[in-house]
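# Remarks on the overall topology
In case you want the letters, here they are:
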Amino acid sequence: MRRTHKVIVLALMLAAPAVAAEPAAKAPAPVEAKRAATAPLPEQKSAPSKSSAKKAAKKDTKPKILARDLFGKAQGAADLKARSIGWYAKGCLAGGVHLADAGPDWQTMRPSRNRAWGHPKLIALLKRLGSEAKKDGWSGLLVGDISQPRGGPMLSGHASHQVGLDADIWLTPMPNRALSRREREDISATSMLDKTKLSVDPKVFTAAHVALIKRAASYSAVERVFVHPAIKKALCQAAGKDRAWLYKVRPIWGHYYHFHIRIGCPNGGCETQPGVKADDGCGAELKGWLKNIEASLKPKPKPKGPEAPYIPPSARRQITMEQLPAECKVVLNSPNASPPADEAMAATPTAATKK
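Quick caveat: nothing in here was measured; it's all calculated off a predicted structure. (Residues numbered from 1 in each chain as written. Predicted model: local features only at pLDDT ≥ 70, side-chain atom pairs only at ≥ 80, totals over all residues. Heavy atoms only, no water.)

## Some words on the state of the cysteines
As a reminder, the rule being used: Whenever a pair of cysteine sulfur atoms sits within 2.5 Å, that pair is classed as a disulfide. Counting from the N terminus, the helices are DSSP H or I runs at least four residues long and the strands are E runs at least two residues long. Any residue under 20% of the maximum accessible area for its type is buried, any over 50% is exposed, and the rest in between are partly exposed; the area is computed with a 1.4 Å probe on protein chains only.
Taken as a whole and assessed by the stated rule, the structure comprises three disulfides. Paired through a disulfide, C92 and C328 show a sulfur-sulfur distance of 2.2 Å. The chirality of the disulfide connecting C92 with C328 is left-handed, given an S-S dihedral of about -95°. Within this pair, whereas C92 is found in strand 2 (residues 90–94), its partner C328 is found in helix 10 (residues 327–333), the two being separated by 236 residues in sequence. Neither residue differs from the other here; C92 and C328 are each classed as buried. Here C265 is linked by a disulfide to C270, with a sulfur-sulfur distance of 1.8 Å. Because the sign of the S-S torsion sets the handedness, a value of about 105° for the bond joining C265 and C270 places this disulfide among the right-handed ones. Indicated for the chain is the disulfide connectivity 1-6, 2-5, 3-4, based on numbering the bonded cysteines in sequence order.

## Some remarks on the packing of aromatic side chains
Rule in force here: Working definition: rings of Phe, Tyr and Trp (its six-membered ring) pair if their centres are within 6.5 Å, and the pair is stacked with planes under 30 degrees apart, edge-to-face with planes over 60 apart, and tilted otherwise. Placement of a positive charge over a ring is assigned whenever Lys NZ or Arg CZ falls within 6 Å of the ring centre and within 35 degrees of the normal to the ring plane.
Per the stated rule, a full pass over the model turns up three aromatic pairs. Seen from their ring centres, W87 and Y88 are 5.1 Å apart, and the 80° between their planes marks the pair as edge-to-face. Looking at Y88, the relative accessible area reads 1%, which means it is buried. With centroids separated by 5.6 Å and ring planes inclined at 75°, the aromatic side chains of Y256 and Y257 adopt a geometry described as edge-to-face. Judged by its relative accessible area of 35%, Y256 falls in the partly exposed class. Across the ring face of Y88, the terminal group of R262 is positioned such that the distance to the ring centre comes to 4.1 Å.

## Concerning the pattern of salt bridges
Defined as follows: Definition used for salt bridges: Asp or Glu carboxyl oxygen within 4 Å of a side-chain nitrogen of Lys or Arg.
Counted according to the given criterion, the structure contains 13 salt bridges. One salt bridge connects D145 with R113, and the closest N-O pair in it is separated by 3.2 Å. With D145 in the loop between strand 7 (141–143) and strand 8 (166–170) and R113 in the loop between strand 5 (106–108) and strand 6 (117–118), the pair connects residues that are 32 residues apart, well separated along the chain. Overall, the relative accessible area of 43% leaves R113 in the partly exposed class. D145 is paired through a salt bridge with R115; the nearest N and O atoms lie 3.0 Å apart. Here the residue D145 occupies a position in the loop between strand 7 and strand 8, and R115 occupies one in the loop between strand 5 and strand 6, the gap between them amounting to 30 residues.

## What to know about unusual backbone geometry
Despite not being glycine, R110 has its phi angle at roughly 55°, a positive value. Examined against the element boundaries, R110 turns out to sit in the loop between strand 5 and strand 6. Overall, the relative accessible area of 17% leaves R110 in the buried class. We note that H255 has phi near 55°; this positive angle belongs to a residue other than glycine.

## A few points about the layout of surface pockets
Selection criterion: Whether a set of points on the 1 Å grid over the protein atoms alone is a cavity depends on a 1.4 Å probe fitting there but being unable to get out, while an open set qualifies as a pocket with protein on both sides within 12 Å along at least five of seven lines; lining residues are those with an atom within 4 Å of a point. Grid points are joined across faces, edges and corners, and a volume is the space filled by probe spheres set on the points. As a working rule, the residues Ala, Val, Leu, Ile, Met, Phe, Trp, Tyr, Cys and Pro are called nonpolar, Asp, Glu, Lys and Arg charged, and the rest polar, with Gly in that last group.
Roughly 230 Å³ of internal volume is contained in the largest pocket. Residue lining of the largest pocket: 16 residues in total, with H158, S160, H255, H258 and H260 positioned closest to the centre. With three residues, strand 11 (residues 258–263) is the single largest residue contributor to the lining of the largest pocket. Class assignment of the residues belonging to the lining of the largest pocket gives a composition of five nonpolar, eight polar and three charged.

## Describing the environment of M174
Heads up, the condition is: Between two residues, a contact is recorded if the distance between any of their heavy atoms is within 4.5 Å.
Considering the arrangement of structural elements, one finds M174 in the loop between strand 8 and helix 6 (181–186). Considering only alpha carbons, one finds M174 and Q107, 67 residues apart in sequence, at a separation of 7.4 Å. Residues in contact with M174, not counting those within four places in the same chain, are P104, D105, W106, Q107, S139, G140, L141 and L142.

## What to know about the pairing of strand 8
Along any regular strand, the residues point their side chains to alternate faces of the sheet. Going by this rule: Note: two strands are recorded as paired if DSSP finds a minimum of 2 bridges between them.
Burial runs high along strand 8: five of the five residues are buried. The alternating pattern of strand 8 places D166, D168 and W170 on one face and A167 and I169 on the opposite face, and all of these are buried. As paired elements, strand 8 and strand 11 share five bridges and run antiparallel to each other. When the bridges of strand 11 are listed, I169 appears paired with F259.

Quick look at the structure:
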């Protein structure tokens, strides 16, 4: 009997730890532990596959198709009704007209560029200016860039001239003979500035230059005439009492060997530019320009600290077709218009025009 009692007591003692541990296992967990246990696991993104990574890299490095590359290839005008579309520096030209390489009162320069195209109203105005300027003792116009056959951004040079309403006219008078194509490619224009770059050279800039620019500015269709500030100063000094035309003549950088005329928007498809002040512009504005020109001629001190990265001018003109008016796609994709029978077309650059 005692032996049996000992066995029972021993069995109870061996079972005691298991019984004691059981309540601890069933004790309620802290609230935070419950929330952690029931919270959904964070969603894990799967690593991109090699093929998708390659596609993304290819998309990032794909070069932009720039509008200047497309418009620069066009050799003829679009067979559409004549219209200037968009802004002077962001647009295109439908139904452009080509200014013949040579006429009785003009000759076009740099023919290999194929930039002697413009809105019909601008081309008519250039012919009129060339003819009427003979009354002022001007022998004829040497016409620089107007626009490309379909306008648009250019491969080099101008930011404007995109809608066929701008033209550059050299301040070098036309010779009394027809220049050869080679001469029209190679002859350099004459600077009107003296050694200071702040005034014109009186041996070069004459009363005939004043009369030519005055006549161009006097046409109602012309809204702006851009010249170098030194030329603007000379015009202010030579104008006399008739100063009504001077407000259209605007000082600008460069433009010391040519002047730039701009006519207003002749149709509803292009943006009009703000009007200019009616004063002659010979006061504080001109003085400010000359001060800026003088400052630009002085040696610049080396900047302290890291220099800002240089951005070439072309990088500021990375215009794509999506940035131009939608109608410019129609202009670009239209067939070529038939050339007028009485005017020579701008030729594709040939080996004879290359240096």
